[in-house]
Amino acid sequence: MSASSASPAPSAFELLREQYAQRLPTSLEELAGPTTGTVDLPLHVVWSGRRSYGLSQPRSRMGLYRTVLAEGQRQDLIAFLNRDLLVAQWPVLRTLISRPLRDAWENRFPELPAIKAATAT
């Protein structure tokens, strides 16, 4: 194969977005995590720092969602995230996560950016 016929290598952004996309649930309805109480994340999701998050405190809840979105595997997303809380927090949460992660979620679930647009007006 000659160099001219080889396709360009994917960018780091594209590689990261694809890694995140592979972990996503099939639908937002799969996200059946808790809406109240305290969530203690396992070491494979958060290996240093804070592991316990109170869902009644907005900053704590946002920290939990940022961590699980960035570090969790598919089963962690399903177990620790709640569809309604994710949708409600998305307008702010989307600004706190990496662009490849945000793009993976918004490409798979077009209702997320629609919610952002609706709340911005």
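Residues numbered from 1 in each chain as written. Predicted model: local features only at pLDDT ≥ 70, side-chain atom pairs only at ≥ 80, totals over all residues. Heavy atoms only, no water.

A word on helix α2 (residues 58–71)
Reasoning step 1: With 14 residues, α2 should reach 20 Å at 1.5 Å per residue; the first-to-last C-alpha distance of 20 Å fits that figure.
Reasoning step 2: Within the span of α2, buried status applies to S60, R61, M62, L64, Y65, T67, V68 and L69.
Reasoning step 3: In this fold, the buried residues of α2 make contact with α1 (12–23), β1 (38–40), β2 (52–54), α3 (74–80), α4 (83–93) and α5 (99–108). (Helix = DSSP H or I, 4+ residues; strand = E, 2+ residues; numbered from the N terminus. Expected span 1.5 Å × (residues − 1). Buried < 20%, exposed > 50% of the residue type's maximum accessible area, 1.4 Å probe, protein only. Contact = heavy atoms within 4.5 Å.)

Some points on the packing of α1 against α5
Reasoning step 1: Running from amino to carboxyl end, α1 crosses α5 at an angle of 50 degrees, the nearest separation of the two axes being 8 Å. As the angle between them shows, α1 and α5 are arranged oblique. For the pair α1 and α5, the crossing hand works out as right-handed. Residues F13, L16, R17, Y20, A21 and R23 of α1 lie in contact with α5, whose contacting residues are R99, P100, L101, D103, A104, N107 and R108.
Reasoning step 2: Partitioning the contact of α1 with α5 into residue classes produces seven nonpolar, one polar and five charged. (Axes fitted to C-alpha atoms, helices over the stretch in contact; angles between N-to-C directions. Parallel < 35°, antiparallel > 145°, perpendicular 65-115°, else oblique. Left-handed = near helix turned anticlockwise from the far one by under 90°. Nonpolar A, V, L, I, M, F, W, Y, C, P; charged D, E, K, R; others polar.)

Considering α4
Reasoning step 1: Those residues of α4 lying buried are L85, L86, V87, Q89, W90 and L93.
Reasoning step 2: Two to three positions downstream of the cap, the backbone nitrogen of D84 sits 2.9 Å from a side-chain oxygen, assigning the N-cap of α4 to N82. (Polar contact = N/O pair within 3.5 Å; in protein donor to acceptor, adjacent residues only side chain to side chain.)

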